[in-house]
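Understanding the architecture of this molecule
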Amino acid sequence: MLTSIKDKVVIVTGGSKGIGKGIATVFAKQGAKVMIAARGMADAELAVAEIIAAGGTAACCSCDVADWQSVQQLIATTESTFGPVDILCANAGIFPQVKLIDMNPEDWDGVMATNLKSTFLCVKACIPSFEKNGKGRVIVTSSITGPVTGYPGWAHYGASKAGQLGFLKTAAMELSRYNTTINAVMPGNIMTEGLQDLGQEYLDGMAASIPLKRLGAVEDIGNAALFFASDEAGYITGQQIVVDGGQILPESLESIADI
Ligand code: NAP
């Protein structure tokens, strides 16, 4: 049993859907006060209503994580609603597929802004909160794609996800001044709205390549994030954990055909 995070103030970017919603739900179940940030408010309000119906505490705030002013507004709204931020889950991200031959500079910039620049913006904006509290926690949602694997159409996405890990090494050193840790979860293929958009063939192919023979659930990532947020993980910083059902292990599909 990990130390309670009851009453901790947690921001989950991209908390209206998919992995972010899973993280928000896991943290709310443990008694945290959860601020869900996303651009679309309909899904965010739905996620908040579900958490409250289950006895949790949550609110939502419209935010584009790629925009500095919008991120600053998110922190201000969180502080006035719940108090200074204890835990930031920098999770929002996009994964449009486009091969290099068709990729425009705008495609590249858009993915970098939403996935990588946003990580910097959200962490920077939370530093005054961490300083006020005398401690803090950051959990970044990276990916296996980029840091470990490749996939056609995701050169920009993979670079942004590997970039997050590069960012957190130095951020971990600088945040230690505020008694704050920063770590990353690297999901494999997790069943989310975003992943579903890639089609059944993609989902079936992925499930077949995973030793545990199933796609991950959003709670699998929420639980890993919860560990990094706990007091017990207080001496871990600048690190990452792969949560993928063993997907990166096989050297070929044949090697897991009869296990
Ligand atoms: P998803 O189902 O598409 O949900 C994405 C969430 O991010 C939504 O809440 C979305 O809300 C929000 N979002 C997107 N752009 C945003 C922006 N500019 N500002 C604020 N919020 C924004 O995606 P997911 O599959 O849960 O993925 C979440 C994270 O996990 C991403 O960082 C992704 O790279 C990572 N990941 C996912 C998988 C997987 O298998 N699903 C695997 C590895 C890593 P709005 O669109 O309303 O803003």
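Summarised in this report is the structure supplied together with it.

What counts as what
- Residues numbered from 1 in each chain as written.
- Predicted model: local features only at pLDDT ≥ 70, side-chain atom pairs only at ≥ 80, totals over all residues.
- Heavy atoms only, no water.
- Near = heavy atom within 4 Å.
- Polar contact = N/O pair within 3.5 Å; in protein donor to acceptor, adjacent residues only side chain to side chain.
- Areas by Shrake-Rupley, 256 points an atom, 1.4 Å probe, with all protein chains shown as cover.
- Helix = DSSP H or I, 4+ residues; strand = E, 2+ residues; numbered from the N terminus.
- Phe/Tyr/Trp six-rings, centres within 6.5 Å; stacked < 30°, edge-to-face > 60°.
- Buried < 20%, exposed > 50% of the residue type's maximum accessible area, 1.4 Å probe, protein only.
- Expected span 1.5 Å × (residues − 1).
- Bend = angle between axes of the 7 residues up to and from the residue.
- Contact = heavy atoms within 4.5 Å.
- Pairing = 2+ DSSP bridges.
- Axes fitted to C-alpha atoms, helices over the stretch in contact; angles between N-to-C directions.
- Parallel < 35°, antiparallel > 145°, perpendicular 65-115°, else oblique.
- Left-handed = near helix turned anticlockwise from the far one by under 90°.
- Nonpolar A, V, L, I, M, F, W, Y, C, P; charged D, E, K, R; others polar.

**Remarks on the site of the ligand**
- As a matter of local geometry, the ligand sits amid 30 residues, with Ser-16, Asn-91, Tyr-157, Ile-190 and Thr-192 nearest to it.
- Contact between the ligand and Ile-19: an oxygen atom at 2.8 Å from a main-chain N or O atom of the residue.
- In the environment of the ligand, an oxygen atom lies 2.8 Å from a nitrogen or oxygen atom belonging to the side chain of Arg-39.
- For the ligand, whose accessible area on its own is 880 Å², the fraction buried by protein is 93%.
- Looking at the shell around the ligand, the elements with two or more residues in it are α1 (18-29), α5 (155-175) and α6 (193-196).

**Quick look at the packing of aromatic side chains**
- Overall, the coordinates contain seven aromatic pairs when judged by the stated rule.
- Between Trp-154 and Tyr-157, the ring centres sit 5.7 Å apart and the planes meet at 50 degrees, which makes this aromatic pair tilted.
- Exposure remark for Tyr-157: the relative accessible area of 9% places this residue in the buried category.
- Ring geometry for Trp-154 and Tyr-202: centres 6.1 Å apart, planes at 80 degrees, overall edge-to-face.

**Things to note about α5**
- With 21 residues, α5 should cover 30 Å at 1.5 Å per step; its first-to-last C-alpha distance of 29 Å lies within 8% of that length.
- The principal kink in α5, of about 25 degrees, is found at Lys-169.
- Turning to α5, its buried residues are His-156, Tyr-157, Gly-158, Ser-160, Lys-161, Gln-164, Leu-165, Leu-168, Ala-171, Ala-172 and Leu-175.
- At its buried positions, α5 is contacted by α4 (105-133), β5 (136-141), β6 (180-187) and β7 (240-243).

**Section: the sheet that holds β5**
- Taken in spatial order, the seven strands make up an open sheet running β3-β2-β1-β4-β5-β6-β7, and their pairing is parallel. Edge positions in the sheet fall to β3 (57-62) and β7, since each has one partner strand and no second. Ignoring strand direction, the axes of neighbouring strands in this sheet form an average angle of 20 degrees.
- Relative to strand β4 (residues 87-90), strand β1 (residues 9-13) runs parallel, the two sharing three bridges. By the bridge assignment for β4, Val-12 is matched with Cys-89.

**With respect to the packing of α1 against helix α8 (residues 218-229)**
- At a minimum axis separation of 8 Å, α1 and α8 run at an interaxial angle of 55 degrees. As summarised for this structure, α1 and α8 are arranged oblique, according to the angle between their axes. Between α1 and α8 lies a crossing whose hand is right-handed. Two secondary-structure elements touch here, α1 through Gly-18, Ile-19, Gly-22, Ile-23, Val-26 and Phe-27 and α8 through Val-218, Glu-219, Ile-221, Gly-222, Asn-223, Ala-225, Leu-226 and Ala-229.
- Considering only residue class, the contact of α1 with α8 consists of nine nonpolar, four polar and one charged.

All we've got here are geometric facts, nothing functional implied.
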